[in-house]
Each structure stands twice: as structure tokens, then as C-alpha cells.
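Chain and residue survey
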Amino acid sequence: MSVREVENIFVDILDRAKAIDPVNTRKWFDQLNVVHFNGGSLEIGCPDEATAQFLRDNCKSSFTRAAQQITGHLVTIQFNVYTHKGFFKSSKSHVSELKLHPDYTFDNFVVGPSNRLAHASCIAVSQSLGNTYNPLFTYGNSGLGKTHLLHAVCAETRRKSHKAIIQFLSCEDFVNRFIRAIEEGNLAGFQSQFRTVDMLVIDDVQFLREREQSQEEFFHTFNALYNNGKQIILSADCPPTQIPSLEERLISRFNWGLVTRIDPPSHDTRVAIVQKKAHLRGLSISDEIAEYVARKVQANIRELEGALTTIYAVATTTGKEITLELARTALEGQIKAAARHISITDIIEVVTTHFDVRLTDLQSKRRSQGITEPRQICMYLARDLTKHSLEEIGGHLGGRDHTTVMHACSKISKAKKSDPQMNSLLNELTKQVTQMPKA
Ligand code: ADP
Ligand code: MG
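Residues numbered from 1 in each chain as written. Chains lettered and ligands numbered in written order. Predicted model: local features only at pLDDT ≥ 70, side-chain atom pairs only at ≥ 80, totals over all residues. Heavy atoms only, no water.

**Here's the deal with the overall build of the protein chain**
Inclusion rule: Secondary structure elements are defined from DSSP: runs of H or I of at least 4 residues count as helices, runs of E of at least 2 residues count as strands, and each element is numbered from the N terminus. When we talk radius of gyration, it's over C-alpha atoms, and the globule rule is simply 2.2 Å times the number of residues to the 0.38. When a residue's accessible area, from a 1.4 Å probe over protein chains only, is under 20% of the maximum for its type it is buried; when over 50% it is exposed; and in between it is partly exposed. By definition, residues are in contact when any of their heavy atoms lie within 4.5 Å. Note on areas: Shrake-Rupley with a 1.4 Å probe; residue coverage comes only from the protein chains shown. His is not counted here, nor are the chain ends, while Lys and Arg score as positive and Asp and Glu score as negative. To locate a charge, the coordinates of NZ of Lys, CZ of Arg, CG of Asp or CD of Glu are taken.
A tally of helices and strands in the protein chain yields 19 helices and eight strands. In summary, the protein chain has a C-alpha radius of gyration of 24 Å against a globular reference of 22 Å for 439 residues, a match within 12%. In terms of its C-alpha atoms, the protein chain occupies a principal-axis envelope of roughly 70 × 55 × 45 Å. Out of the 439 residues in the protein chain, the part that is buried amounts to 47%. Counting contacts in the protein chain only where the partners sit at least 6 residues apart, residues at least 24 apart contribute 72% of the total. With an accessible surface of roughly 21,900 Å², the protein chain has 50% of that area assigned to carbon and sulfur atoms. Averaged over its 52 positive side-chain charges, the protein chain has a centre that lies 1 Å from the centre of its 49 negative ones.

**Quick look at the domain arrangement of the protein chain**
Rules: What marks off one domain from the next here is an automatic or database domain assignment. Accessible-area loss on putting two parts together, using a 1.4 Å probe and summing over both, is the definition of buried area adopted here. Counted as salt bridges are all cases of a side-chain nitrogen of Lys or Arg within 4 Å of a carboxyl oxygen of Asp or Glu. In protein, a polar contact requires one atom able to donate a hydrogen and another able to accept it; more generally it is a pair of N or O atoms within 3.5 Å, and residues adjacent in sequence count only if both atoms are side-chain atoms. In this count, Pro and Cys sit with the nonpolar residues alongside Ala, Val, Leu, Ile, Met, Phe, Trp and Tyr, while Asp, Glu, Lys and Arg are called charged and the others, Gly among them, polar.
The domains assigned to the protein chain are domain 1 (3–88), domain 2 (116–261), domain 3 (267–340) and domain 4 (344–435). The centre of domain 2, based on its C-alpha atoms, is set 33 Å off from the matching centre of domain 3. Opposite the four residues of domain 2 that make contact, domain 3 presents five residues. Of the roughly 310 Å² buried between domain 2 and domain 3, counting both surfaces, carbon and sulfur atoms make up 39%. Three residues, Ser142, Gly143 and Leu144, lead the burial of domain 2 against domain 3; their summed loss comes to 88% of the area buried on that side. Taken together, the links from domain 2 to domain 3 amount to zero salt bridges. At the surface where domain 2 touches domain 3, the tally comes to three residue pairs in polar contact (both at pLDDT 80 or more). Among the residues forming the side of domain 2 that touches domain 3, the class breakdown is one nonpolar, three polar and no charged.

**As for the site of ligand 1**
What counts here: Here a residue is near a molecule or strand as soon as one of its heavy atoms is found within 4 Å of it.
What surrounds ligand 1 is a group of 18 residues, the closest being Gly143, Thr147, His148, Lys277 and Glu305. Between ligand 1 and Glu305, the relevant distance is 2.4 Å, taken from an oxygen atom to a side-chain nitrogen or oxygen of the residue. Here ligand 1, which alone exposes 560 Å², has 96% of that area covered by the protein. Looking at the shell around ligand 1, the elements with two or more residues in it are helix H5 (146–160), helix H10 (267–280) and helix H12 (301–318). For the shell around ligand 1, a count of residues per class yields six nonpolar, eight polar and four charged. A domain split of the shell around ligand 1 shows at least three residues from each of domain 2 (116–261) and domain 3 (267–340).

**Describing the environment of His101**
As for its placement among the helices and strands, His101 is situated in the loop between strand E3 (76–81) and helix H4 (116–127). The exposure class of His101 is partly exposed, given its relative accessible area of 25%. Between the C-alpha atom of His101 and that of Thr147, which follows or precedes it by 46 residues, the distance is 9.9 Å. Beyond its immediate chain neighbours, meaning those up to four positions away, His101 contacts Phe54 and His151. A polar atom in the side chain of His101 sits 3.0 Å from the backbone nitrogen of Asp103.

**Considerations on helix H14 (residues 344–355)**
Here is the rule: The length a helix should cover is 1.5 Å for every residue beyond the first.
Given a rise of 1.5 Å per residue, twelve residues ought to cover 16 Å, and the 16 Å separating the end C-alpha atoms of H14 matches this to within 8%. When we look at burial in H14, the residues that qualify are Ile344, Asp346, Ile347, Ile348, Val350, Val351 and Thr352. Against helix H15 (359–363), helix H16 (369–385), helix H17 (390–396) and helix H19 (420–434) lie the buried residues of H14. Positive phi appears at Asp356, one or two residues downstream of H14, with a value of about 55°.

**Some remarks on the sheet that holds strand E8 (residues 258–262)**
Going by this rule: In this description, strands pair whenever DSSP reports at least two bridges between them. Structural elements are reduced to axes, namely lines fitted to C-alpha atoms, with helices fitted over the stretch in contact, and the angle between N-to-C directions of any two is expressed from 0 to 180 degrees.
Overall, parallel pairing links the five strands, which are arranged E5-E6-E7-E4-E8 in an open sheet. Unpaired on one side and paired on the other, strand E5 (166–170) and E8 mark the two borders of the sheet. Neighbouring strand axes in the sheet, compared pairwise and without regard to direction, differ in orientation by 10° on average. In this sheet, strand E6 (residues 199–203) lies alongside E5 in parallel orientation, the contact comprising five bridges. Across the sheet, residue Gln167 finds its bridge partner in E6, namely Leu200. The sheet strands contacting H5 are strand E4 (136–140), E5, E6, strand E7 (231–236) and E8, and the helix crosses E6 at an angle near 165°. Helix H6 (residues 171–183) rests against E5 and E6 of the sheet, and its axis sits at about 100° to E5.

**Things to note about the environment of Asp48**
Within the fold, Asp48 resides in the loop between strand E2 (41–46) and helix H2 (49–58). For Asp48, a relative accessible area of 32% puts it in the partly exposed group. Taking C-alpha positions, Asp48 is 9.0 Å from Pro102, a pair spaced 54 residues apart along the chain. Engagement of the side chain of Asp48 in a polar contact is seen with the backbone nitrogen of Ala50, the distance being 3.2 Å.

**Regarding the packing of aromatic side chains**
To keep it simple, the criterion reads: Aromatic rings from Phe, Tyr and Trp, taking only the six-membered ring of Trp, are treated as a pair when their centres fall within 6.5 Å; an angle between ring planes under 30 degrees marks them as stacked, one over 60 as edge-to-face, and anything in between as tilted. We call a charge positioned over a ring when the NZ of a Lys or the CZ of an Arg lies within 6 Å of the ring centre and within 35 degrees of the ring normal.
Tallied over the full model, the rule gives 15 aromatic pairs. Centroid distance Phe218 to Phe254: 5.9 Å. Interplanar angle 80°. Geometry classified as edge-to-face. Pair noted here: Phe218 is in helix H8 (residues 212–227) and Phe254 is in helix H9 (residues 248–254), with a separation of 36 residues, a long-range link. In terms of burial, Phe218 and Phe254 fall into one category: buried. In textbook terms, an aromatic cluster arises when at least three aromatic residues are bridged by ring pairs, as seen for Phe137, Phe174, Phe178, Phe190, Phe194, Phe218, Phe222, Tyr226, Phe254 and Trp256. A cation sits over an aromatic face here: Arg249 above Phe219, 3.8 Å from the ring centre.

Rendered as C-alpha cells:
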């Protein structure tokens, strides 16, 4: 096959993949190229590790299907970083261990009055690690862009200095890795991993509450980094003083640097975000539709993005153009579903009725099979159907800690896979919970 032919086939495959999975289509697909194609396997070159990772995580099956449809036979697909001709960056260097989402950059972040300070401080920090605001603490409700900003700081820092050692993880990961290190008797390894970085970024630190040993460890990590002038960035859903059971000495340290708040976006910012998200997917939508979406979805940007995705998906599956009318029809269903918000109480009601047990039994210390199973099923469904944290779920069920909830979820999820009866029970309960009539 000539280079030209390969390129043509690749263009067809890309178009087909976009049609198969419009939700994960990105404008930068245009920058992908063919590194190697021999009929049976296709190696696709990506501009950087973040895009390669995005494709591996989200697009492998759509690309595989597209390639099969276009070429008429099975093609295995690989996504690798390809910078200059013939030069491959090893995906094993410490540089790539950082998992960043390609969408979450400063370029893709819309700045408005609600997030201006948080955004500016993140930019400042990325320009000079450890020298401006240290620690930088950003808080705000869920879905307002905290994680996006943290990814952007890491990406920008990485772009400026390939050598900077960055650790970026959720607080949940930090705690879990700490617990594992203790179990494996490798605390020293854990400590050297976190105390030798240039920048430590921890998302959702409200999760640090009530776990004294990990707070203690975090405190020492913080001190070690801070005293060496290393950058620390933290996010949470509330200000330091409101994190439940956070030790006084950590609250005071979190306040040493700059604390910024992100508020819900104004109407104009929401319109700009809808347009930005559309642009990112290579879509153009009219101002009228962007205004409509921004009016419909107000509280949470994640839902704003979900609304756009729904519209896009309805347009591609029906083959229709995106009009205001189509946007309206597409969002009707979504808005109704959002109104039917599922709570843990709903789940408990369905489960206790089904098993004929009382809530007080589920909350008690009793460990008989007849009580343990419904309790674990409650935990599993709460994890599956609500956004509550492991701790919140444990709190509803007799103040159990997060490891108990985690254990219950993994046990039920295993049973779901191996036991068809459990599978159909869970499906039935889920159906009942999601179809509960709401006032
Ligand atoms: P949080 O961590 O605060 O819960 P995220 O950072 O996960 O919120 O943001 C949720 C979604 O909203 C992400 O897809 C993110 O890209 C998007 N988003 C939030 N704020 C903005 C913004 N100002 N501009 C563009 N996208 C945004
Ligand atoms: Mg987040």
C-alpha cells in the first residue's frame, strides 16, 4: 500500500470512529497519524501521553470497530506517543506516570468571575513552583472545576519542565497507598515517594477526615515538602476549617498559603463553557442553543457537559442537525432524570422492604447472614447509584468506616458476576430504586 492509500484509509477509519462514538470524539483527532499499518495491526501516533492515554481508555473499541468495518478484517490498534518522525518517547519514563486528562488544560478552562482567583493562582504557581502561594488550597462544590484546574497546573508544569517530579493523586489514593504501605511493611518506600517530589497535588482532601494515622503521615509529608520549598496544591469541597475532624495543626497549615474559592458560574460563563466544550469536540453550536443549555443546567458544570453530550448523541444517532428543537427534546429526558435524584434513604427503603428487615437492624452491630447481606447490598447500591463517599455511606449504615463499605462493595460486585441470582436481584432492586415515585 502506498503512503497515500494508508492515509486515505486512516481518514475513513477516523470518520467512522467519530460516528460510532461521538461522545469521545475530540477535535485533536486531526493531529493523529499512522505510524505503522500492515493490514492486521495499526499503530496510531499521538502528540503526547495524555492524548494517548485518553484514546487507550476511551476509544480503543470504537477505533477497533471502525478499522474492522473499513478494512473488512480484524485490526489490532495501538496508541503510542509519536513526537518527531521516527522518534518515540518511552511510555515508561517517570514523565508519563502522571495521568492527565487531555481536556483539562488552562486553554480549555473558561475564566469568569466565579473562578478568576482560583485560575490566576494556579497559573502563578505553575510559573514558579514553591515561590508564590504555598500551599495553594482551592475549594468549591462538586463539578465546578477543581480537578480540571489541578490537571492544568500539572500539565503546564510538565510542559515547562520535563524534569519536575510531580505526584498528583486523589486523597483517597493517598490514603489507600498509605494503608497498603503499612500492610506491606514498606512505609519507607511510601515516604520517599511522596517526600522527594517537586510538587505534590492532592485532590479532594476532605477525605482525610477521621483517619488519624493518615492525617499524621500527611502532616509529616506536608512539613517535609514545605520546609524544602516544594509546592503543595490541595483541593476540597469546603474550606480547611470545615473539613470534619481535620486536626487543628493541619487546618492551620492549609491556611498558610492562599485559600481560594470557586463559586457556581454565572450565566455568561456557562454559555462560554458550553461553547468551549462543543469546540473541543469539533462541533459548532449556535449561540441560541448554548444559551438554552446554560439556562437549563445551572448548578454543576459536569451536568452542563452531560447535557451537551446528550444533545450530540441524539443528533448523531438520529442523523439530524442540532437545532434548538432537537436540543429541547434531547434534554427533556435528562432533566427529568436529574429531578429524580436518588438518595441513600430510597435505597434503604427498597432493600429493607425486599428483605423484610428494619433499618435499625442494618445499623446495628448484628452480623448474622440475614442482616449482613442486605446491609452490604445497601452499601453496594449506594456506591453504584449515588455520589456519596464511602464514609457517608458507612455513616448511614451504623457509622461503619470506609474499609467496611469498600469490602462490602467488592464482595457484592464479585457475587454479582459469579451468581446469576444475585445479579438479577441487584437489577431488580436497582429498577425499583430508580423508578420510585418522587414528590
Ligand atoms: P470538581 O473537581 O470541582 O468536582 P471538575 O474539575 O471535575 O469539578 O469539573 C467537572 C467538569 O466541568 C469537567 O469536565 C471540567 O472540564 C468542567 N469545567 C469546570 N469548570 C470549567 C471551566 N471554567 N471551563 C471549562 N470547563 C470546566
Ligand atoms: Mg474533582
